[in-house]
Amino acid sequence: MSKPFMFEKPLGMRDTLPEMYEMKKQVREQLEDEMTSWGYQMIETPTLEYYETVGLASAILDQQLFKLLDQQGNTLVLRPDMTAPIARLVASSMKGEAYPLRLSYQSNVYRAQQHEGGKPAEFEQIGVELIGDGTVSADGEVIALMVSSLKRAGLGDFKIAIGHIGYVNALLNDIVGERADALRRFLYEKNYVGFREHVKNLPLSSIDKGRLLGLMKLRGGKSILQDAAKLVQNEQGTKALAELEELWQVLESYGIEDYVKLDLNLVLHMSYYTGAVFEGYGSNLGVPLCSGGRYDELLGKFERPGQATGFGLRLDLLVEAIGEKASKRKKTCIIFSKERRAEAFQEAQSLREAGEAVVVQDIAGVTDVDGMSEQFTEVHYFIGQKKGEA
Ligand SMILES: N[C@@H](Cc1c[nH]c[nH+]1)C(=O)O
């Protein structure tokens, strides 16, 4: 009888082979070290959370959640991100610790895919949350840490796009009110053709249509803030632009303005964002490597109100963007026959102490010695009679 699922994996699930594992490990260690050097403390949370609390607070589409039942009949989810679990943690086990809190993590997160389109349903995120600080300096710190993390991992060429969800909402709500959702969705999908078509068909004055289409042009350096101010005059919009103006100054103080550009079209997939949002791209990848932003309402849902900002970075995509740069450790193989076993073990030990990775292999256990040898930078043979023996 055939076993149809024997070699298959569930949709979007991936294996990590040794070479990829090694590259991920190197980059993970660099990032963890960078975040720790900025004073962020690493934490871990469980893979499973309650649907009713963290699942809903994660603010991701319901169909992207993996759900299951526990023995008591409660619905659980595989965490789709780390921001909501950290909010839960800060409001419970860390309730006694004073704000602001600087936390970082390195964890697998889970997002169900509708079809096999090459997108993983499980991937590792490395990120930070700066909780209990509503200043623009905090947003700037998080962006600066994102830049230094990407540099530290060895990525040379990248850009961070910065937007503000408060500005997008101010403009859309001002013009289309209740119907803003559809337009926001086009932006989130980066479907600008769809956005334009939709705007053209709306029953609006040509002035208002022009304002909505004007949003498409708000990409570039600091100077676009003036154009942006012409499109929205309400309080929410003005406040958002003042924050972006100050944020730009903070980034100049860090000396990283060359890595950033403004993009007021930017809408991210998590609906908990309330302020500045950002997304980082490597020059050779179309998809964002990292994203984040300000979320001032989420902590309140866990009854410990606090303004917060943070970002998450996709380790798999970062490794892909860095390409071959991860350095390979020298790997040696010592093939021995049993007469020289002790000698082989001794040699292996001293090479390991010198930092090499060493495999010791009994020749009687291999049939394809050539095939095995190809996997190593060097192969030493300890075969036959011991030295000095006749
Ligand atoms: N959790 C977000 C990233 C983020 C961290 N903090 C704020 N935003 C994500 O998965 O996209």
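Residues numbered from 1 in each chain as written. Predicted model: local features only at pLDDT ≥ 70, side-chain atom pairs only at ≥ 80, totals over all residues. Heavy atoms only, no water.

- The name an unreviewed UniProt entry assigns to the protein chain is ATP phosphoribosyltransferase regulatory subunit, from the organism Halalkalibacter alkalisediminis.
- We quote the UniProt Subcellular location (unreviewed entry) comment for the protein chain here in full: "Cytoplasm".
- Annotation of the protein chain in UniProt includes, under Subunit (unreviewed entry), the sentence "Heteromultimer composed of HisG and HisZ subunits." (UniProt positions renumbered as here; feature names shortened; annotations may be inferred.)

1. Comments concerning the UniProt feature "domain: Aminoacyl-transfer RNA synthetases class-II family profile" (unreviewed entry) in the protein chain
Phase 1: UniProt records the feature "domain: Aminoacyl-transfer RNA synthetases class-II family profile" (unreviewed entry) at residues 22-322, using the numbering of this structure.
Phase 2: For residues 22-322, the end-to-end C-alpha separation is 13 Å, with 43% helix and 21% strand making up the annotated structure. (Helix = DSSP H or I, 4+ residues; strand = E, 2+ residues; numbered from the N terminus.)

2. What to know about the sheet that holds strand β15 (residues 378-382)
Phase 1: If you walk across this open sheet you meet the three strands as β14-β13-β15, and the pairing is parallel. One side of each edge strand has no neighbouring strand; the edge strands of this open sheet are β14 (357-362) and β15. Recorded for the sheet is a direction-independent mean angle of 20° between the axes of neighbouring strands.
Phase 2: Relative to β14, strand β13 (residues 331-336) runs parallel, the two being bridged by six bridges. Along β14, the bridge assignment pairs Cys 333 with Val 359. (Pairing = 2+ DSSP bridges. Axes fitted to C-alpha atoms, helices over the stretch in contact; angles between N-to-C directions.)

3. Section: the pairing of strand β5 (residues 101-110)
Phase 1: Counting buried positions along β5 yields seven of 10 residues, so the element is predominantly enclosed.
Phase 2: One ladder, built from two bridges, connects strand β1 (residues 41-42) with β5; its direction is parallel. Along β5, the bridge assignment pairs Met 42 with Ser 104. (Buried < 20%, exposed > 50% of the residue type's maximum accessible area, 1.4 Å probe, protein only.)

4. Description of the site of the ligand
Phase 1: Around the ligand, 16 residues are found, and the nearest of them are Asp 81, Thr 83, Arg 111, Glu 129 and Tyr 273.
Phase 2: Measuring from a nitrogen atom of the ligand, one finds a side-chain N or O atom of Thr 83 at 2.8 Å.
Phase 3: Here a nitrogen atom of the ligand and a side-chain polar atom of Glu 129 are 2.8 Å apart.
Phase 4: When the ligand sits alone it has 300 Å² of accessible area, and the protein chains cover 99% of it.
Phase 5: For the shell around the ligand, the elements supplying multiple residues, two or more each, are β6 (122-131), β11 (290-294) and β12 (308-314).
Phase 6: Here the shell around the ligand is built from residues that sort into five nonpolar, eight polar and three charged. (Near = heavy atom within 4 Å. Polar contact = N/O pair within 3.5 Å; in protein donor to acceptor, adjacent residues only side chain to side chain. Areas by Shrake-Rupley, 256 points an atom, 1.4 Å probe, with all protein chains shown as cover. Nonpolar A, V, L, I, M, F, W, Y, C, P; charged D, E, K, R; others polar.)

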